[in-house]
Amino acid sequence: MCSSDLFPSHDSSEVHIRRLLLLWAAFERAILSTVKPEREDNHYCQKISEFYQTFVALKEEMIPISTLESVVRNLGRYRALNCTNWWRNGTIEIRIHHGTLLPQAIKFWILFTQRVVELALVERDYDEMEKIFSMTADKQLEELKIKIKKSKDSANLPELLV
């Protein structure tokens, strides 16, 4: 397993994709710290955090959805978080995980990425995202753990993170 496709709920909207891009970019250093170091500079899972300020401009309804789709398509599919297929078939792909056959690692990654996507559905504190973006990876990971613990069903997340 190197990537996972997620199918957000049927009531997901463009606003949720905007929030997910912003949240992922803000926490990307923390998320990278959970995978093998060689994934950080891999061509097939390039970071999106360099576009953080673009995502800040895209938050909520400030920019038309056609612009959001254009920005996402211009990023290309070889990003850690690939949303290019969302408009066509409603999926997002998280490409950053290293290959593994370990069932526990796969289960952890699936649950972890689901929590990140769920968090994006409810997170609206953009000032806090700005603070998180400037934190070190260790501090970001601690903040992400806190946010996930507060979210629903965190009891199902393996102890590796919680």
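Residues numbered from 1 in each chain as written. Predicted model: local features only at pLDDT ≥ 70, side-chain atom pairs only at ≥ 80, totals over all residues. Heavy atoms only, no water.

**Regarding the pattern of salt bridges**
Item 1. Here the structure, examined in full by the defined rule, presents six salt bridges.
Item 2. With a shortest N-O distance of 3.4 Å, E40 and K47 are connected by a salt bridge.
Item 3. You can call E40 partly exposed: its relative accessible area is 35%.
Item 4. Across the pair R73 and E69 runs a salt bridge whose closest N-O atoms are separated by 3.1 Å. With R73 and E69 both in helix α3 (residues 65-75) and four residues apart, this pair spans about one turn of that helix. (Salt bridge = Lys/Arg side-chain N within 4 Å of Asp/Glu carboxyl O. Buried < 20%, exposed > 50% of the residue type's maximum accessible area, 1.4 Å probe, protein only. Helix = DSSP H or I, 4+ residues; strand = E, 2+ residues; numbered from the N terminus.)

**Some thoughts on the packing of aromatic side chains**
Within a pair of aromatic rings, the relevant descriptors are the distance that separates the centres and the angle that separates the planes.
Item 1. All told, the structure shown has five aromatic pairs when counted by the stated rule.
Item 2. Taking the centre distance of 5.0 Å and the plane angle of 90° together, the rings of Y44 and Y78 count as edge-to-face. Of the two residues, Y44 sits in the loop between α1 (14-32) and α2 (52-58) while Y78 sits in the loop between α3 and β2 (81-82), which places them 34 residues apart along the sequence.
Item 3. Classification of Y78 by relative accessible area gives partly exposed; the value is 27%.
Item 4. With a centroid separation of 4.0 Å and 5° between ring planes, the pair formed by Y52 and F133 is classed as stacked. With Y52 in helix α2 and F133 in helix α6 (residues 126-133), this pair connects stretches of sequence that are 81 residues apart.
Item 5. Classification of Y52 by relative accessible area gives buried; the value is 1%. (Phe/Tyr/Trp six-rings, centres within 6.5 Å; stacked < 30°, edge-to-face > 60°.)

**Describing empty space enclosed by the protein**
Item 1. Inspection of the entire model under this criterion finds two cavities of 30 Å³ or more.
Item 2. Every residue lining the second largest cavity is listed: R19, L22, L23, A120, E123, Y126 and M129.
Item 3. Looking at the lining of the second largest cavity, the elements with two or more residues in it are α1 and α6.
Item 4. Among the elements that line the lining of the second largest cavity, the one with the most residues is α1, at three residues.
Item 5. Tallied by class, residues from the lining of the second largest cavity come to five nonpolar, no polar and two charged. (1 Å grid on protein atoms, 1.4 Å probe; cavity = no way out; pocket = protein on both sides within 12 Å on 5 of 7 lines; lining within 4 Å. Points joined across faces, edges and corners; volume = space filled by probe spheres on them. Nonpolar A, V, L, I, M, F, W, Y, C, P; charged D, E, K, R; others polar.)

**Some points on the confidence of the model for the protein**
Detailed reading of predicted coordinates is not advised where the pLDDT is low.
Item 1. For the protein, the average pLDDT comes to 80, and 81% of its residues sit at 70 or higher.
Item 2. The element-level mean pLDDT for the protein is lowest in strand β1 (residues 4-6), coming to 55, with β2 highest at 94. (pLDDT = per-residue confidence, 0-100.)

**Some words on the nonpolar core**
Item 1. The biggest cluster of nonpolar side chains holds 40 residues, and the ones touching the most others in it are L21, W24, L81 and I96.
Item 2. Elements with a minimum of two residues in this core: α1, α2, α3, β3 (92-94), α5 (103-122), α6 and α7 (137-150).
Item 3. If one sorts the elements of this core by residue count, α1 sits on top with 11 residues. (Core = buried A, V, L, I, M, F, W, Y, C linked by side-chain atoms within 4.5 Å.)

**As for α6**
An α-helix turns once per 3.6 residues; consequently, residues spaced three or four apart project the same way.
Item 1. Considered for burial, the residues of α6 that qualify are Y126, E128, M129 and I132. Buried residues of α6, viewed axially, fall in a sector of 150°; they line one side. Opposite the buried face of α6, at more than 90 degrees from it, the exposed residues are D127 and K131.
Item 2. Along its buried surface, α6 packs onto α1, α2 and α7. (Arc of directions from axis to C-beta. Contact = heavy atoms within 4.5 Å.)

**A word on the packing of α1 against α6**
Item 1. Two elements in contact, α1 and α6, have axes separated by 8 Å at closest approach and are oriented at 30°. Considered as vectors, α1 and α6 are oriented roughly parallel to each other. In the packing of α1 onto α6, the handedness of the crossing is left-handed. Mapping the contact onto sequence places R19, L22, L23, A25, A26, F27 and R29 in α1 and Y126, M129, I132 and F133 in α6. (Axes fitted to C-alpha atoms, helices over the stretch in contact; angles between N-to-C directions. Parallel < 35°, antiparallel > 145°, perpendicular 65-115°, else oblique. Left-handed = near helix turned anticlockwise from the far one by under 90°.)

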